[in-house]
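Chains, contacts and geometry: an overview
Here is how the chains run, residue by residue.
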Amino acid sequence: MDPWKASGPDVFPPGFYLSQWDIVKYDLVKVIQNFFRSGFIYKRVNQTRLMIVPKVKIHSSPTDYLPIDLCNTSYKLISKLMARRMKVVLTKVISPLQSTYVSGRLITDNISLAHEIIHTLKRKKKGENYIALKLDMSKAFDKLECPFKPTWGILQGDHISPYLFIISMEALSREMVAVEFSKSISGIQIDRRAPPISHLLFADDCLIFVKANLDNINNLQDILNSFSSSSGQVLNYQKSSICFSNNISTEAATTITRILNVKKMEPEEKYLGILLFLNKKKRVSFNNLVVNMERRLSKWRGTTHSQAGRGVMVRNVLSTIPLHQMSSFELPEETIKKMDSVHLRFWWNKADKKVLCLTSFSSLCKTIDDGGLNFVVLIMHSWKKQHGEFVQQMTHFWYIL
């Protein structure tokens, strides 16, 4: 916990307890131990202060604000201890189709599997028709209601809230598995030897894959409506989108889109921050990385930065922009060269494309002890990600399924 962040109703941030530990430690430990022994928490300890933070620059409706709950430090300590205990058993409770907040699971698992399934949909020419439905949840972490008392819910900013949220999403996951087992819906197989997959969950990002027929669609709607009413999660179908397999007819696609009241996925649709549909020319799909770097640099242009300061920006800001995409895909060499060129032009403080470099880029990428500046060699980083830990993680993921 940050020592001096905004405090709760007791106005004592964590830094106060650290600085006055010799005085308050016995009382604080007594409060925490009493909770774990009795299961009772004092009303004053459980009080929170609600703050409203705007999510966008121009805010005109309540949905443009994010509620943040400022909890008391004593409550945060109790919540953090509970979260640590829950984290140990989550791997036994949460299915492998959920990757968030579970030790040993990565966001790249969902990204790679989603792209494999979308690729299967796009190359499907005969057989059964399938859909990929990307759901948007309006409330998500803001509030998860209890069915027996709707005014109760999880708190935004609480340590235990993310774990409670994925446990609630596990209810949706298990319901999907149960109806799939009873043949009410059918998931998609990307290979004859692969298990059928009906959904992928990563926190509030939900992808659902079912057959494109009325029985599957109606059963899916019943499941989603039941989950929404019992959990308090509002499914925003206006912001949700759908994708069809290539072998579906235009009339069937139009009918399903009208029933679900969703829009068709755009070519620029993203899942977990990465494009779902990749162009055959990969450099076109990943060109936005170069654009993002240039956009970031547009605010830094000028002679006010020293060369040492520009070196820090290259290492800690520019070099981190493509790392998320590199964790799942091997970027085209042309794209990597363009990004390295952006690094060089900024470090030498040259706006034009042709830069007279007084030393080679490979020399700058050496460690500081070897006389370099420790710049990241993006092409080597991409290769290591593709052929190192990522392959091992995916092998483990398929083994679990």
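Predicted model only: the values in this text are computed from it and were never measured. (Residues numbered from 1 in each chain as written. Predicted model: local features only at pLDDT ≥ 70, side-chain atom pairs only at ≥ 80, totals over all residues. Heavy atoms only, no water.)

Once that is clear, we can look at unusual backbone geometry. Unlike most non-glycine residues, Lys-183 shows phi in positive territory, near 70°. Looking at Lys-183, the relative accessible area reads 69%, which means it is exposed. In this model, Leu-272 sits at a positive phi of 55°, which is unusual for a non-glycine residue. As for its position among the elements, Leu-272 is in the loop between β10 (270–271) and β11 (274–275). (Buried < 20%, exposed > 50% of the residue type's maximum accessible area, 1.4 Å probe, protein only. Helix = DSSP H or I, 4+ residues; strand = E, 2+ residues; numbered from the N terminus.)

Across all of its chains, the model carries 7 salt bridges by this definition. Here Glu-269 and Lys-134 are joined by a salt bridge, their closest N and O atoms 3.1 Å apart. On the criterion of sequence distance, the pair formed by Glu-269 in the loop between β9 (263–264) and β10 and Lys-134 in strand β3 (residues 130–135) is long-range, its members being 135 residues apart. Overall, the relative accessible area of 16% leaves Lys-134 in the buried class. Among the charged side chains, a network of salt bridges with common partners joins Arg-283, Glu-334 and Lys-338. (Salt bridge = Lys/Arg side-chain N within 4 Å of Asp/Glu carboxyl O.)

With that settled, the discussion passes to the pairing of strand β8 (residues 241–244). Residue alternation in β8 divides its side chains into two sets, Ser-241 and Cys-243 and Ile-242 and Phe-244, and both sets are buried. Sheet topology places β3 next to β8; 4 bridges connect them, and they run antiparallel. Bridging from a neighbouring strand, Leu-133 pairs with Ile-242 of β8. Relative to β9, β8 runs parallel, the two sharing 2 bridges. Within β9, the position partnered with Ser-241 by the bridge is Lys-263. (Pairing = 2+ DSSP bridges.)

Quick look at the packing of helix α2 (residues 21–38) against helix α3 (residues 73–93) now. At a minimum axis separation of 10 Å, α2 and α3 run at an interaxial angle of 50°. Relative to α3, the element α2 lies oblique. Crossing handedness for the pair α2 and α3: right-handed. Two secondary-structure elements touch here, α2 through Leu-28, Ile-32, Phe-35 and Phe-36 and α3 through Ser-74, Leu-77, Ile-78, Leu-81, Met-82 and Arg-85. (Axes fitted to C-alpha atoms, helices over the stretch in contact; angles between N-to-C directions. Parallel < 35°, antiparallel > 145°, perpendicular 65-115°, else oblique. Left-handed = near helix turned anticlockwise from the far one by under 90°. Contact = heavy atoms within 4.5 Å.)

Take the side chain of Thr-73 next. For Thr-73, the position within the fold is in helix α3. Residues within four places of Thr-73 in sequence aside, it is in contact with Asp-10, Phe-12, Pro-13, Pro-14 and Tyr-17.

Before going further, it helps to spend a moment on the packing of aromatic side chains. By convention here, two paired aromatic rings are described through the distance between centres and the angle between planes. Throughout the structure, instances matching the rule amount to 6 aromatic pairs. Aromatic pair Phe-35 and Phe-36: ring centres 5.2 Å apart, planes at 75°, arrangement edge-to-face. Looking at Phe-35, the relative accessible area reads 14%, which means it is buried. Assessed through its relative accessible area of 30%, Phe-36 is described here as partly exposed. With 5.8 Å between their ring centres and 55° between their planes, Phe-286 and Phe-329 make a pair best called tilted. Of this pair, Phe-286 sits in the loop between α8 (282–285) and α9 (287–297) while Phe-329 sits in the loop between α11 (323–326) and α12 (333–347); the two residues are 43 residues apart in sequence, bridging distant segments of the chain. Look at Phe-329 and you get buried, because its relative accessible area is 12%. Through pairs of rings, three or more aromatic residues link up here, namely Phe-12, Phe-16 and Tyr-17. (Phe/Tyr/Trp six-rings, centres within 6.5 Å; stacked < 30°, edge-to-face > 60°.)

Another aspect to go through is a nonpolar patch on the surface. A contiguous nonpolar patch, built from Val-88, Val-89 and Val-93 and spanning about 230 Å² of accessible area, is present on the exposed surface. With respect to the helices and strands, Val-88 occurs in helix α3. (Patch = residues over 30% accessible without salt bridge, like charges linked within 9 Å, V, L, I, M, F, W, Y side chains within 5 Å. Areas by Shrake-Rupley, 256 points an atom, 1.4 Å probe, with all protein chains shown as cover.)

A few words on the packing of α3 against helix α5 (residues 161–181). Look at α3 against α5: their axes get within 11 Å of each other, and the N-to-C directions meet at 20°. Our classification of the angle between α3 and α5 gives roughly parallel. Handedness of the crossing formed by α3 with α5: left-handed. Residues Ala-83, Met-86, Lys-87, Leu-90 and Val-93 of α3 touch α5, and the partners they reach there are Tyr-163, Leu-164, Ile-166, Ile-167, Glu-170 and Arg-174.

Here we take up the sheet that holds β3. One open sheet holds the 5 strands; their spatial order is β6-β7-β3-β8-β9, and the pairing between them is mixed. The sheet is open, and its two edges are formed by β6 (199–202) and β9, each paired on a single side. Along the sheet face, helix α6 (residues 214–231) touches β3 and β7 (205–211) and points at about 150° away from the line of β7.

Further remarks concern the nonpolar core. In this structure, Ile-117, Leu-200, Phe-209, Tyr-271, Leu-318 and Met-339 are the most contacted members of the largest nonpolar core, which totals 44 residues. Those elements giving two or more residues to this core turn out to be α4 (107–123), β3, β6, β7, α9, α10 (307–316) and α12. When sequence neighbours within four positions are dropped, the list of residues in contact with Leu-200 reads Leu-97, Asn-110, Leu-113, Ala-114, Ile-117, Asp-205, Cys-206, Leu-207, Phe-209 and Tyr-271. Met-169, Val-179, Ile-248 and Leu-260 belong to the second largest nonpolar core, which has 29 residues in total. (Core = buried A, V, L, I, M, F, W, Y, C linked by side-chain atoms within 4.5 Å.)

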